[in-house]
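# Descriptive structure summary
Single-letter residue listing:
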Amino acid sequence: VDSVIRTPTANPPEVLKELPAIPLPTEFEVTDVKPAGPEFRMGRFAIQPGGRFVAQGFPLRFLIARAFNTNTGEQIAGLPKWADVDRFDITAQAPSMGPSAPPLDMESVAPMLRSLLVDRFKMKYHTEDRSVSTYALVAGKPKMKKADPASRTWCRNTNAPFGAAPGSRLVTCQNVTMAQFAERLLSFAPWLNWPVLNATALDGSWDFSLTFGQNFPVMVGGPGRSGDALPASADMPAAAEPTGAVTIFDAVEKQLGLKLEPRKRPMPVIVVDQIEQKPTEN
């Protein structure tokens, strides 16, 4: 390669007419909703080829959280107790978007799932700011390498190399800001359960790698629903995993020179005003 420019030339004015954006569907085409059988003990959640969505054996709290793409229990409020107990089976088909359409992911399924909950369970909700539990990503003595700003931005989450503790993951990032890392950290370690917000005050982009266990860290009481992950102490990271793998808290501190600290912050919360226990008939 003798030369290349970073920014492509502008598109011709008529390109939007020739290649109009394809709107994503907001409703499933066909839905089948019913209470789960008493014999079903384990949930099954899948987005299948062809646009079929399947959720079997899940309570409404889980389905509502997926409909708003949140793992945080505190960001869904106002649900009755039965929403944590009664389980449902849902099979739904998204409208066809043509043979060249990309496969569905949870981001594209979420608005259709919200519409299903509104239609079949008569859910009504509003959004308001409330104080919720979060993790603040703060800087100690950073051990990361300053990135070349001309390099490509990416993160990869893979199995750790041979010799690492069983079940360990390796996250490698290039030319990533701390805001981008904080935003992606929950997808790398979804058991954290609370949003991760950047509070490092570190400017620029960084290259780094991080190895940690994928088992759940120590669970303790505190705000949020049962099962929210929190270090055993606000000042100390959780204990090492039984497998010998380090927790995400230890890894962030010892390998990157950063810390994850639990903090309360105001954030948008979905408040459910009404929801029916029995879905409408198929």
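Our structure is the block above this text.
Notes on the structure follow. Because the structure is a prediction, the values reported are computed rather than measured.

### A look at the environment of K259
Tracing the sequence through the fold places K259 in strand β12 (residues 258-274). Its relative accessible area of 25% is what places K259 among the partly exposed residues.

### Observations regarding the sheet that holds strand β10 (residues 196-198)
Here 4 strands make up an open sheet; going across it, the order is β4-β12-β6-β10 and the pairing mixed. Because the sheet does not close on itself, it has two edges, and the strands there are β4 (76-77) and β10. Looking at chain direction, β4 and β12 are connected through 2 bridges and run parallel. Among the inter-strand pairings, I76 is bridged to a residue of β12, identified as I270. Contacts from helix α4 (residues 178-188) reach β6 (124-139), β10 and β12 within the one sheet, and its direction differs from that of β10 by about 175 degrees. In this fold helix α5 (residues 248-256) packs onto β6 and β12, with an angle of close to 140 degrees to the strand it touches most, β12.

### Topic: unusual backbone geometry
Positive phi, close to 55 degrees, is recorded for K122, a residue that is not glycine. Relative to the assigned elements, K122 resides in the loop between α3 (106-120) and β6. Residue K122 is classed as partly exposed on the basis of its relative accessible area, which comes to 36%. Backbone geometry places A201, a non-glycine residue, at a positive phi of 60 degrees. In this fold, A201 is placed in the loop between β10 and β11 (205-213). For A201, a relative accessible area of 71% translates into the label exposed.

### Looking at the environment of I270
As for its placement among the helices and strands, I270 is situated in strand β12. As a C-alpha pair, I270 and H126 span 144 residues in sequence and 6.0 Å in three-dimensional space. For I270, the residues in contact, after removing those within four places along its chain, are F68, Q75, I76, A77, Y125, H126 and T127.

### Focus: the sheet that holds strand β7 (residues 145-146)
Taking strand neighbours across the sheet as the criterion, the 4 strands line up as β7-β11-β9-β8 in an open arrangement whose pairing is antiparallel. A strand with exactly one partner marks an edge of an open sheet, and here the two such strands are β7 and β8 (154-159). Note that β7 and β11 share 2 bridges and pair antiparallel. Paired with K145 across the bridge in β11 is D207.

### Concerning α4
All of the buried residues in α4 are M178, F181, A182, L185, L186 and F188. Angular distribution of buried residues about the axis of α4 spans 155 degrees; they occupy a single face of the element. Facing away from the buried side of α4, by more than 90 degrees, are the exposed residues E183 and S187.

### So, the packing of aromatic side chains
Applying the stated criterion across every chain, the model contains 11 aromatic pairs. With a centroid separation of 5.1 Å and 80 degrees between ring planes, the pair formed by F68 and Y125 is classed as edge-to-face. One end of the pair, F68, is in the loop between α2 (60-67) and β4; the other, Y125, is in strand β6, with 57 residues separating them in the sequence. Accessibility expressed as a relative area gives 18% for F68, which makes it buried. Put simply, the rings of F28, F45, F53, F58 and F62 pair up and form one aromatic cluster.

### Digging into the pattern of salt bridges
Within this structure, the stated rule accounts for 4 salt bridges. The salt bridge partner of K264 is E74, with a shortest N-O separation of 3.1 Å. With K264 in strand β12 and E74 in the loop between α2 and β4, this residue pair connects regions lying 190 residues apart in the sequence. Accessibility expressed as a relative area gives 46% for K264, which makes it partly exposed. R130 serves as the salt-bridge partner of E128, at 2.8 Å between the closest nitrogen and oxygen. Judged by its relative accessible area of 28%, E128 falls in the partly exposed class.

Conventions adopted
- Residues numbered from 1 in each chain as written.
- Predicted model: local features only at pLDDT ≥ 70, side-chain atom pairs only at ≥ 80, totals over all residues.
- Heavy atoms only, no water.
- Helix = DSSP H or I, 4+ residues; strand = E, 2+ residues; numbered from the N terminus.
- Buried < 20%, exposed > 50% of the residue type's maximum accessible area, 1.4 Å probe, protein only.
- Pairing = 2+ DSSP bridges.
- Contact = heavy atoms within 4.5 Å.
- Axes fitted to C-alpha atoms, helices over the stretch in contact; angles between N-to-C directions.
- Arc of directions from axis to C-beta.
- Phe/Tyr/Trp six-rings, centres within 6.5 Å; stacked < 30°, edge-to-face > 60°.
- Salt bridge = Lys/Arg side-chain N within 4 Å of Asp/Glu carboxyl O.

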